[in-house]
Amino acid sequence: MEASAIIDILQPLVPGAVFEPGRSVDFATMYVPADRLVETCRALRDTPALDFKVLTEVTAADYLPREPRYEVIYHLLSVSKRLRLRVKVRVPSDGSLPTVQGVWRGAGWPEREVWDMFGIVFDDHGDLRRLLMPEDWEGHPARKDYPVQIRKVTQTYEPLEVSEEEFRANIERDRVKRAH
Amino acid sequence: MAEIRTETMTVNMGPQHPSTHGVLRLVLELDGEVIQSVMPTIGYLHTGIEKTAEQKKWQQVIPLVERMDYLAAQSNSLAYALSVEKLLGLEMPKRVNDIRVLIAELQRLASHLIWLGTHAMEIGAVSMLFYAIRERELLLNINELIAGFRFFPSYIRIGGLREDLPRGFHETVNEFLDRFPTKMDEFERLLTKNDIFRRRTEGVGVVTLENAYQWGLVGPIARAAGSDYDVRKYFPYCGYETYDFTVPTATEGDVYARYRVRITEMRQSINLCRQAIARISPTGVWACDDTRVVPPPKDKVYTEMEALIQHFLIYSQGFTVPVGDAYVPVEGPRGEHGCYIVSDGSNRPWRVKMRAPSFMAIQALPSLVQGGLIADLVAVIGSNDVVMGDCDR
């Protein structure tokens, strides 16, 4: 299915949003404005003709020095319709975009990884902590203006400074998150 | 008399724990033997391969991506090579595709053997590991034969393969394929109807299809919960549509179902290998004929000026890839393995991102084990078949 066909299905469901088909060599690509992202994703998941039930990954690319600097990329999969779709969101260098955890629960960690690596903020994420890098790391390594070879004093010999209160609060937070 | 205190106990499991398949750390909150919550911590094996890849030329990335999922090295490089070839618009000759299918299926067998051995060992059948590793050794010998490297052969290249198959390749593979089914019967006799094994695995770590999709789990975990999604069937690559095979599924979604799905998958892989090796001629083309990407044969380099120039250009400047992005998934041993690449038209990738099935599997781990017993956690980790190199990249 071409991107334009998917946009035709989506347009009445998300009125007023400006979708733009993207250039691609493999499968349909479309640009979605950040403020309508969650609505669009929900429509993509729940429309029977599309049925994008699986979010296979979330990633980003840094197009420095272009502005808007980042593109966040969502790869969607519709098993029943044998479809793939790439949803792209343009994010300016100081911008943010909403989380799609409410649509696909599996978006939590991939979004955390994107924040960790690129510093792109996902609003209302709730758990935007370092995932791959150490907790005390400075900067976001996958950015194009981040140096490739740097030396950083290793701090792994120091005990992790988490007080008992913080630790208990973490456990409590996980319990609350589990409830939904 | 003092009141009896009731509070949960927090236990740290890993990162150095024999059953965490590398360096996975789990903070467990326990109520007696029952798991209240799990907080996975990953990143101990993060090596920044994706960042490093941006500094290398396109062809030089192959050995790097092979080191991501180190138990299924050639699944990574196949996904990467297919993505780059997609952007370049290259079509592979049939023989190259058949060899790639054979390699991918042998890689699946090797990876599943490690899974089988460690999974069974962790829930008590220690001898299983030795039997599985012994068979995997033969697969590593095949790797050594084709590339001189046992773990990360880098045999799959952009534009085809590194070189032609060595002498004696067919005999070695056929010897393995003749021997292996009887070994599979042996493995199954040890485990499939084993009462202890079944009691440890049946009804444990159940995931429904709805939840599997919600967590982005596609691959053996979803297939054990009733999905029939297999990239090889849904989005065929390397000519998988011309092969005769079935996708094993189960509906229970528990650890035992995942075990059965993977075991049947191994038998299907043997079947696929047989079909592939029958199609591959002992000598023939091993790369496409695009001179931009594929270096000319050595005898021409030594005798023809143009070939020498081309050889020099490919190994010094590399080749450029048209502007754009591509994502080509392959069915790796752990699920959908895809490589997303972005090119800015230069001779180095702008961005390389591997879709890691283990990453998603670890994210979903808490939902699989909460409310279960701590002893079952080990069985669930084993059945999810996570590889930390794949997860942390």
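Residues numbered from 1 in each chain as written. Chains lettered and ligands numbered in written order. Predicted model: local features only at pLDDT ≥ 70, side-chain atom pairs only at ≥ 80, totals over all residues.

For chain A, the helix and strand inventory stands at 4 helices and 7 strands. In chain A, the succession of helices and strands from N to C terminus is α-β-β-α-β-β-β-β-α-β-α. Overall size of chain A, expressed as C-alpha extent along the three principal axes, is 55 × 40 × 30 Å. Scored against the burial criterion, the 180 residues of chain A give a buried share of 36%. Nonlocal contacts in chain A, meaning residues at least 24 apart in sequence, comprise 51% of its contacts between residues at least 6 apart. (Helix = DSSP H or I, 4+ residues; strand = E, 2+ residues; numbered from the N terminus. Buried ≥ 20, exposed ≤ 12 C-beta atoms within 10 Å, placed from the backbone. Contact = placed C-beta atoms within 7 Å.)

Let us now look at the overall build of chain B. For chain B, the helix and strand inventory stands at 16 helices and 8 strands. Since a compact globule built from 393 residues should have a radius of gyration of about 21 Å, the 22 Å found for chain B is in line with a globular shape. Buried residues in chain B amount to 51% of all 393 residues. Long-range pairs, those at least 24 residues apart, make up 68% of the contacts in chain B between residues at least 6 apart in sequence. (Rg over C-alpha atoms; globule rule 2.2 N^0.38 Å.)

Residues and elements named next belong to chain B. Where helix 14 (residues 357-369) contacts helix 15 (residues 374-384), the axes come no closer than 11 Å and their chain directions differ by 145°. The crossing of helix 14 and helix 15 is right-handed. Within the contact between the two elements, helix 14 uses Ala-361, Leu-365, Leu-368 and Val-369 and helix 15 uses Asp-376, Leu-377, Val-380 and Asn-384. In the contact of helix 14 with helix 15, the residues fall into 6 nonpolar, 1 polar and 1 charged. (Axes fitted to C-alpha atoms, helices over the stretch in contact; angles between N-to-C directions. Left-handed = near helix turned anticlockwise from the far one by under 90°. Nonpolar A, V, L, I, M, F, W, Y, C, P; charged D, E, K, R; others polar.)

So, about the pairing of strand 3 (residues 34-41) of chain B. Residues and elements named next belong to chain B. Sheet topology note: the strand 2 (residues 25-31)/strand 3 ladder contains 7 bridges and is antiparallel. Across the sheet, the residue bridging to Leu-26 is Pro-40, located in strand 3. Here strand 2 hands over to strand 3 after 2 residues, with Gly-32 in that stretch at a positive phi of 70°. (Pairing = 2+ DSSP bridges.)

Strand pairing in a sheet relies on backbone hydrogen bonds. The paired strands run either parallel or antiparallel. Residues and elements named next belong to chain B. Pairing is antiparallel in the open sheet, where 3 strands are placed in the order 1-2-3. Each edge of the sheet is formed by a strand with only one pairing partner; in this case those strands are strand 1 (9-13) and strand 3. Neighbouring strand axes in the sheet, compared pairwise and without regard to direction, differ in orientation by 20° on average.

This next bit is on the interface of chain B and chain A. Listed per partner, the contact involves 39 residues of chain B and 31 residues of chain A. Elements supplying a minimum of two residues to the side of chain B that touches chain A: strand 3, helix 1 (49-53), helix 3 (73-88), helix 8 (209-214), strand 6 (324-332), strand 7 (335-343), strand 8 (349-355) and helix 14 of chain B. Split by residue class, the side of chain B that touches chain A holds 17 nonpolar, 13 polar and 9 charged.

The next point concerns the environment of A:Val25. Its place among the elements puts A:Val25 in the loop between strand 1 (20-21) and strand 2 (28-31). On the basis of neighbour counts, which here come to 16 C-beta atoms within 10 Å, the residue A:Val25 falls in the partly exposed class. Residues within four places of A:Val25 in sequence aside, it is in contact with B:Lys86, B:Leu87, B:Gly324 and B:Ala326.

Time to look at the nonpolar core. Counting residues in hydrophobic clusters, the biggest one holds 159 residues, and the most contacted among them are A:Val72, B:Val84, B:Leu102, B:Leu217 and B:Val380. Ranked by the residues each element gives to this core, the list is headed by helix 4 (residues 94-122) of chain B, at 13 residues. With residues up to four places along the chain from it excluded, the contact list for B:Leu102 reads B:Cys273, B:Ala276, B:Ile277 and B:Ile280. (Core = buried A, V, L, I, M, F, W, Y, C linked by C-beta atoms within 7 Å.)

Residues and elements named next belong to chain B. With 9 of its 11 residues buried, helix 15 lies for the most part within the structure. Among all positions in helix 15, only Asp-376, Leu-377, Val-378, Ala-379, Val-380, Ile-381, Gly-382, Ser-383 and Asn-384 are buried. At the C-terminal side of helix 15, Asp-385 shows a positive phi close to 55°.

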